[in-house]
Amino acid sequence: METKEYIISEADKLFCQFGFKSVTMDDIARQLGISKKTIYQHFTDKNDLVNVLMEARFSNHDCDIKMYAKHGYDAIHEVLLGLDDINEWLITLNPKLFFDMQKYHPDTWLKFMQFKEESLAIGITENMKRGIKEGIYRNDIHIPILTELRLAHTQLIFNEYNAYNKNKYSIPQVMKEMTQHFLFGIVTDKGKIVLEKYINEQLIKQ
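Residues numbered from 1 in each chain as written. Predicted model: local features only at pLDDT ≥ 70, side-chain atom pairs only at ≥ 80, totals over all residues. Heavy atoms only, no water.

**Topic: the overall build of the chain**
- Tallying secondary structure elements over the chain gives 11 helices and zero strands in all.
- In the chain, the succession of helices and strands from N to C terminus is α-α-α-α-α-α-α-α-α-α-α.
- Overall, the C-alpha framework of the chain stretches about 60 × 35 × 30 Å when taken along its three principal axes.
- A total of 206 residues make up the chain; the buried ones form 47% of that total.
- Accessible surface, the chain: about 11,300 Å² in total, of which carbon and sulfur atoms supply 53%.
- Put simply, the chain has 26 plus and 29 minus side-chain charges, and the middle of one group is 3 Å from the middle of the other. (Helix = DSSP H or I, 4+ residues; strand = E, 2+ residues; numbered from the N terminus. Buried < 20%, exposed > 50% of the residue type's maximum accessible area, 1.4 Å probe, protein only. Areas by Shrake-Rupley, 256 points an atom, 1.4 Å probe, with all protein chains shown as cover. Lys, Arg positive; Asp, Glu negative; His and termini not counted. Charge placed at Lys NZ, Arg CZ, Asp CG, Glu CD.)

Pasting the structure below:
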């Protein structure tokens, strides 16, 4: 792994665990066993590192969205592939990460909002269109409104998690419950059978 990629990878782990604000460039250098001078050869400052790191994450997730659509057996399975994948990341995520991004790294936050309103919104919209064609989502659902609802779920989990959760439940558990509730609200009778089958097969992990 090249030095720049190594810095991004290890910094990502620290940021996910402690949030952006609490982690200093000294902490990153200590974690990597390198000098700050080496880090500054690749990044102007911490804000630059955060920006590059999150841009890479957005790009990777955009590719993942396309992969879920390609490999999902149907629209429901597509959603569950994405849920399973993101939960692997959410397990290690400190909810402060997105609060810190909004407060201390506003340029990166704007890119996140752009990613959410473009890539995520397109993925959600296309998934609902697919489900309708497959006969497993109701054909009377209002796609633009429900797309905004799903985006709001994401916002709630990442921005308001501590406010309503009080640390009683893990982020993956909250994400699973919200996704399952959403799917049951839009499936047809045929889709309900498919969804329950996936639940019984534990494609929605408990």
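**What about the pattern of salt bridges?**
- Summed over the entire model, instances satisfying the criterion amount to 13 salt bridges.
- The shortest N-O distance in the salt bridge between Lys116 and Glu117 comes to 3.8 Å.
- Through salt bridges with shared partners, a single network forms among Glu78, Arg130 and Glu134. (Salt bridge = Lys/Arg side-chain N within 4 Å of Asp/Glu carboxyl O.)

**Side note on the layout of surface pockets**
- For the largest pocket, the calculated volume is near 1,000 Å³.
- Taken together, 42 residues make up the lining of the largest pocket; nearest its centre are His61, Tyr68, Gly82, Ile86 and Leu120.
- At the level of elements, helix H1 (3-18), helix H4 (46-71), helix H5 (75-90), helix H7 (106-134), helix H8 (143-159) and helix H10 (171-186) are the ones that each hand at least two residues to the lining of the largest pocket.
- Classifying every residue of the lining of the largest pocket by side-chain character gives 23 nonpolar, 11 polar and eight charged. (1 Å grid on protein atoms, 1.4 Å probe; cavity = no way out; pocket = protein on both sides within 12 Å on 5 of 7 lines; lining within 4 Å. Points joined across faces, edges and corners; volume = space filled by probe spheres on them. Nonpolar A, V, L, I, M, F, W, Y, C, P; charged D, E, K, R; others polar.)

**Section: the nonpolar core**
- Phe15, Ile28, Leu49, Ile76, Met128 and Tyr137 are the most contacted members of the largest nonpolar core, which totals 58 residues.
- Tallying contributions element by element places H5 first for this core, with eight residues. (Core = buried A, V, L, I, M, F, W, Y, C linked by side-chain atoms within 4.5 Å.)

**Quick word on H5**
- Look at H5: 22 Å from first C-alpha to last across 16 residues, which is about the 22 Å you get at 1.5 Å a residue.
- Counting buried residues along H5, 12 of its 16 residues qualify, which places the element largely inside the surrounding structure.
- Turning to H5, its buried residues number three or more, namely Ala75, Ile76, His77, Glu78, Val79, Leu80, Gly82, Leu83, Ile86, Asn87, Trp89 and Leu90.
- Its side-chain oxygen placed 3.1 Å from the backbone nitrogen of Ile76, Asp74 serves as the N-cap of H5. (Expected span 1.5 Å × (residues − 1). Polar contact = N/O pair within 3.5 Å; in protein donor to acceptor, adjacent residues only side chain to side chain.)

**As for the side chain of His153**
- Position of His153 among the secondary structure elements: in helix H8.
- Setting aside residues no more than four positions away along its own chain, His153 makes contact with Met178 and Phe182. (Contact = heavy atoms within 4.5 Å.)

**Topic: the state of the cysteines**
- Considering all chains together, one arrives at zero disulfides under this definition.
- Cysteine Cys16 shares no disulfide, and the gap to the nearest cysteine sulfur, in Cys63, comes to 19 Å.
- Since its relative accessible area comes to 5%, Cys16 is described here as buried. (Disulfide = S-S within 2.5 Å.)

**Overview of the packing of H1 against helix H2 (residues 25-32)**
- Running from N to C, H1 and H2 cross one another at 115 degrees; their axes reach a closest spacing of 10 Å. Two packed elements cross with a definite hand, and for H1 against H2 that hand is right-handed. Counting all contacts with H1, which are made through Tyr6, Ile7, Glu10, Ala11, Leu14 and Phe15, the residues of H2 involved are Asp27, Ile28, Gln31 and Leu32.
- Each residue belonging to the contact of H1 with H2 can be placed in one class, and the counts come to seven nonpolar, one polar and two charged. (Axes fitted to C-alpha atoms, helices over the stretch in contact; angles between N-to-C directions. Left-handed = near helix turned anticlockwise from the far one by under 90°.)

Keep in mind that these numbers describe shape and distance, not what the molecule does.
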